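Spelled out, the chains give:
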Amino acid sequence: MSDQTTVLLDIQPDGVARLTLNRPEIHNAFDDAIIQCLTEHLVALDANPAVRVLVLASSGKNFSAGADFNWMQRMAANSHADNLQDALGLAGLMSTLNAFSKPTIALIQGAAYGGAVGLAACCDIVVATRASRFCLSEVRIGLTPATISPYVVRAIGERQARRYFQTAEAFSAEQAQQFGLVHEVVEDNAALDTACDTLVQALRRNGPRAMQAAKELVFAVSHKPIDSALINDTARRIADIRVSEEGQEGLSAFLQKRTPNWIED
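Just so we're clear, the structure is a prediction, and the values are computed from it rather than from any experiment.

A word on helix H10 (residues 245-255). Along H10, the positions that sit buried rather than exposed are Glu 246, Gly 247, Glu 249 and Ala 253. Projected onto a plane normal to the axis of H10, the buried residues spread over an arc of 165 degrees and lie on a single side. Next to the buried residues of H10 lie helix H8 (208-221) and helix H9 (228-242).

Now the structure itself:
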């Protein structure tokens, strides 16, 4: 069962929340209890106005080996109804992380296998060390990456998914960057933390509501025809934010050559 040591939560005074998978002895594999714990943390952090950025990380050599073997073994002995309910739990975690209203950063070191690839795909920004490896390994044990597939396919594209969903080949950080899953590849864990700090500093200079609206905008326009409905929707969105309190403050600060009020340092 999950406890307060398997998922660590740290919220800094600057509004950066860090969720850390902390089961290095089993390569941060996760089970139903950890999935529930992560989901509950995400819901609470999303509702917390003091949180500006979410960082998803892990301790030890590997980011995550994906599903815990004991959990999979236990679920294999359960009924179809139980398996459906269990799968909905993982699907709920992925949906909650994907829809998190604030910027999310995943820091990947070592192996990211199975469901861990889904966690990465659901984050806005992914930074990985050069030695990290990714694998959609489910077919090796006669399963499929079903619940993570909507997010992984959007991240790497249908063409790559058709290969790697079926071959279960591991692919490198550089390949993951070429596919679109990873944004930045760094040399080692120290560089991983440095890159994270740089990204956090950049994000904290931006309007919190504007970033949320920008994320919603991506979802709103992706895979949509560029027709009058979409054009009108995007026009309404910019008009809405221009007249908002944050939009007015941002424009005023720009014109007056001063720092906007959401920057505290």
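From this point, the narrative continues.
Right, let's talk about the pattern of salt bridges for a bit. The final tally for this structure, using the stated rule, is 13 salt bridges. In this structure, the salt-bridge partner of Arg 18 is Asp 193, at a minimum N-O distance of 3.8 Å. Here the residue Arg 18 occupies a position in strand S2 (residues 16-21), and Asp 193 occupies one in helix H7 (residues 189-204), the gap between them amounting to 175 residues. According to the relative accessible area criterion, Arg 18 is partly exposed, its value standing at 30%. In this structure Asp 193 comes out as partly exposed when scored by relative accessible area, which is 37%. Its salt-bridge partner being Glu 216, residue Arg 209 comes within 3.9 Å of it at the nearest N-O pair. One connected set of salt bridges, linked through shared partners, spans Asp 233, Arg 236, Arg 237 and Asp 240.

We now examine the sheet that holds strand S1 (residues 7-11). Taking strand neighbours across the sheet as the criterion, the six strands line up as S1-S2-S3-S4-S6-S9 in an open arrangement whose pairing is mixed. Pairing within the sheet leaves two strands with one partner each, and these edge strands are S1 and strand S9 (184-186). When the angles between neighbouring strand axes are averaged without regard to direction, this sheet yields 20 degrees. Bridging between S2 and strand S3 (residues 53-58) involves six bridges; their strand directions are parallel. Pairing of Leu 19 across the sheet is with Leu 56, part of S3. This element, H7, spans S2, S3, strand S4 (104-108), strand S6 (125-129) and S9 of the sheet and lies at about 160 degrees to S6.

A word on the packing of aromatic side chains. For the structure shown, the criterion picks out four aromatic pairs. Grouped by ring-pair contacts, the aromatic residues Phe 134, Tyr 164, Phe 171 and Phe 179 constitute a single cluster.

Grouped together as the largest cluster of nonpolar side chains are 51 residues, with contacts concentrated most on Ile 108, Phe 134 and Leu 181. Looking at which element gives the most residues to this core, the answer is helix H5 (residues 149-167), with seven residues. If near-sequence neighbours (up to four positions away) are discounted, Phe 134 is found in contact with Ile 108, Ala 112, Tyr 113, Ala 128, Glu 169, Ala 170, Phe 171, Ser 172, Ala 173, Ala 176, Leu 181 and Val 182. Counting residues in hydrophobic clusters, the runner-up holds 16 residues, among them Ile 105, Leu 107, Ile 125 and Val 186.

Basis of the calculations
Each chain carries its own residue numbering, running from 1 in the direction its sequence is written. This being a predicted model, a pLDDT of at least 70 is required before a residue's local features are given, and a value of 80 or more before pairs of side-chain atoms are given or counted; all residues contribute to the totals for chains, interfaces and linings. The basis for every side-chain value is the complete set of non-hydrogen atoms in the structure, without hydrogens or water. Relative accessibility thresholds used throughout: buried, under 20% of the residue-type maximum; exposed, over 50%; partly exposed, between the two (1.4 Å probe, protein chains only). Comment: elements are numbered from the N terminus, with helices defined as DSSP H or I runs of at least four residues and strands as E runs of at least two. Here the arc refers to the directions that run from the helix axis out to each C-beta atom. Residue contacts are counted whenever heavy atoms from the two residues lie within 4.5 Å of one another. Throughout this description, the term salt bridge denotes a Lys or Arg side-chain nitrogen within 4 Å of a carboxyl oxygen of Asp or Glu. Pairing between strands is defined by DSSP: at least two bridges between the two strands are required. Throughout, an axis means a line fitted to C-alpha atoms (over the contacting stretch in the case of helices), and angles, computed between N-to-C directions, take values from 0 to 180 degrees. Here a Phe, Tyr or Trp ring, Trp counted by its six-membered ring, pairs with any other such ring whose centre lies within 6.5 Å, and the pair is stacked when the planes are under 30 degrees apart, edge-to-face when over 60, and tilted otherwise. Grouping buried Ala, Val, Leu, Ile, Met, Phe, Trp, Tyr and Cys residues that are joined through side-chain atoms within 4.5 Å yields what is termed a nonpolar core.

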